[in-house]
Protein chains: 2
Amino acid sequence: MKDVIENKLKLRSVKPTAMRLLVLQALLNEKKALSLNELETILEHADRTTIFRTLKTFQEKFLVHRVYDGSGMVKYAVCDDDCNCSLQENHLHFLCTKCSTTYCLKDAPIAIPTIPKGFKAKYANYLIEGSCSSCN
Amino acid sequence: MKDVIENKLKLRSVKPTAMRLLVLQALLNEKKALSLNELETILEHADRTTIFRTLKTFQEKFLVHRVYDGSGMVKYAVCDDDCNCSLQENHLHFLCTKCSTTYCLKDAPIAIPTIPKGFKAKYANYLIEGSCSSCN
DNA sequence: TAAGGAGTGCAATGCCATTGCAAAGTTTAG
DNA sequence: CTAAACTTTGCAATGGCATTGCACTCCTTA
Ligand SMILES: [Mn+2]
Ligand SMILES: [Mn+2]
Ligand SMILES: [Zn+2]
Ligand SMILES: [Zn+2]
């Protein structure tokens, strides 16, 4: 498992510091989008700022993507290895309003609707709110 | 014009106070989603809290809907007269990253993708980021 | 082995949403 | 008409989360 994580970092030219391994591991373990607060709780002795900056680095290297689920907190989820966070790769996210879990639904490709003449799309964020299978 | 606004309020059983008329008028004039800050700027002498609470009332009565465009600030846009903010009525929003304008694209109905078994959708928020026709 | 750069931790700041409370305005019952 | 009850408003305070400044530690490299 540690190898997998180190490889992921290497693949994106991010130096594998202790903190980075921990953050990436936490995100991979949980298999869902996590907020800074949630990560802080999971990584008990890690400093909030360091996690924040780690996530910033990860974003720049396309290791994670941000998820805006309207909960007021930004969440973060791991990208696929070949992800470039391009428009085509943007996928559906689902927020369960009962358990507050935010799922990456990568299998549900999102259709880009026709937008008015002269508009150019660069990035798509499609969120569905409702209740998840665990909560129903 | 004032009649139109008063009618909109009446239609939703919201008492037409001075502040409510001003806020609704501002939203209708601008024809785009506005943040609390933007409204505060437009309505120079209005108190932020009062605008906030006015918007809260408006939301409860389906006079406006919130727009989450990832800018960090919630924006608000006027609903159609017959709107109930149901899943089917949720529409596309477009954020121009150059001029920070958030458009309601009500003519672009959004397709609800297939979600996993056991998941129930209640609300959809589809945002596209890019550049608008004025900025291109 | 010294110097430069990268990563980290703590404290401080900033920004926006939200709330508490009292004053002002409006409606309603008597 | 008038007082009580309710609604709306304004100001000040609070709270939550994102972000930054700065100094310290750690690692790399010449
Ligand atoms: Mn995702
Ligand atoms: Mn809209
Ligand atoms: Zn759930
Ligand atoms: Zn624009």
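Above: the structure in question.
This report concerns the structure included in the present document. (Residues numbered from 1 in each chain as written. Chains lettered and ligands numbered in written order. Predicted model: local features only at pLDDT ≥ 70, side-chain atom pairs only at ≥ 80, totals over all residues. Heavy atoms only, no water.)

**Remarks on the protein's contact with DNA strand C**
Thinking step 1. The full set close to DNA strand C counts 18 residues, and Thr17, Arg20, Thr50 and Arg53 of chain A together with Arg48 of chain B are the nearest of them.
Thinking step 2. Interatomic distance of 2.9 Å between a side-chain N/O atom of Thr17 of chain A and a phosphate oxygen of DNA strand C.
Thinking step 3. Going through the elements one at a time, α2 (18-30) and α4 (48-60) of chain A together with α3 (36-42) and α4 (48-60) of chain B are the ones with two or more residues in the surface near DNA strand C.
Thinking step 4. Broken down by element, the surface near DNA strand C gets its largest block of residues, five residues, from α4 of chain B. (Near = heavy atom within 4 Å. Polar contact = N/O pair within 3.5 Å; in protein donor to acceptor, adjacent residues only side chain to side chain. Helix = DSSP H or I, 4+ residues; strand = E, 2+ residues; numbered from the N terminus.)

**Structural notes on the sheet that holds strand β4 (residues 91-96) of chain B**
Thinking step 1. Reading across from one edge, β5(A)-β4(A)-β6(A)-β6(B)-β4(B)-β5(B) is the order of the six strands in this open sheet, with mixed pairing throughout. Taken across any chain shown, the strands that pair with only one partner, and hence form the sheet edges, are β5 (102-109) of chain A together with β5 (102-109) of chain B. Across the sheet, the mean angle from the axis of one strand to that of its neighbour is 30°, orientation sign disregarded.
Thinking step 2. Pairing of β4 of chain B with strand β6 (residues 120-131) of chain B, which is carried by five bridges, proceeds in the parallel orientation. Across the sheet, the residue bridging to Cys96 of chain B is Gly130 of chain B, located in β6 of chain B. (Pairing = 2+ DSSP bridges. Axes fitted to C-alpha atoms, helices over the stretch in contact; angles between N-to-C directions.)

**A look at unusual backbone geometry**
Thinking step 1. Here the phi dihedral of Ser13 of chain B falls at roughly 55°; this positive angle occurs in a residue that is not glycine.
Thinking step 2. Ser13 of chain B sits in the exposed class, given a relative accessible area of 59%. (Buried < 20%, exposed > 50% of the residue type's maximum accessible area, 1.4 Å probe, protein only.)

**What about the interface of chain B and chain A?**
Thinking step 1. Contact with chain B, which involves 32 residues of that partner, is made by 32 residues of chain A.
Thinking step 2. Interface area for chain B against chain A, summed over the two sides, is near 2600 Å², with a carbon-plus-sulfur share of 64%.
Thinking step 3. Sorting the residues of chain B by area buried against chain A places Phe119, Tyr126 and Glu129 of chain B first, and these three jointly supply 22% of that buried surface.
Thinking step 4. The tally of links between chain B and chain A comes to zero salt bridges.
Thinking step 5. Going through the elements one at a time, β4, β5 and β6 of chain B are the ones with two or more residues in the side of chain B that touches chain A.
Thinking step 6. In terms of residue count, the dominant contributor to the side of chain B that touches chain A is β6 of chain B (twelve residues).
Thinking step 7. Looking at the side of chain B that touches chain A, its residues break down into 20 nonpolar, eight polar and four charged.
Thinking step 8. Bridge count for strand β6 (residues 120-131) of chain A against β6 of chain B is eleven bridges, and the pairing is antiparallel. Looking at β6 of chain B, one finds that Gly130 of chain A is bridged to Ala121 of chain B. (Contact = heavy atoms within 4.5 Å. Buried area = accessible area lost by both parts, 1.4 Å probe. Salt bridge = Lys/Arg side-chain N within 4 Å of Asp/Glu carboxyl O. Nonpolar A, V, L, I, M, F, W, Y, C, P; charged D, E, K, R; others polar.)

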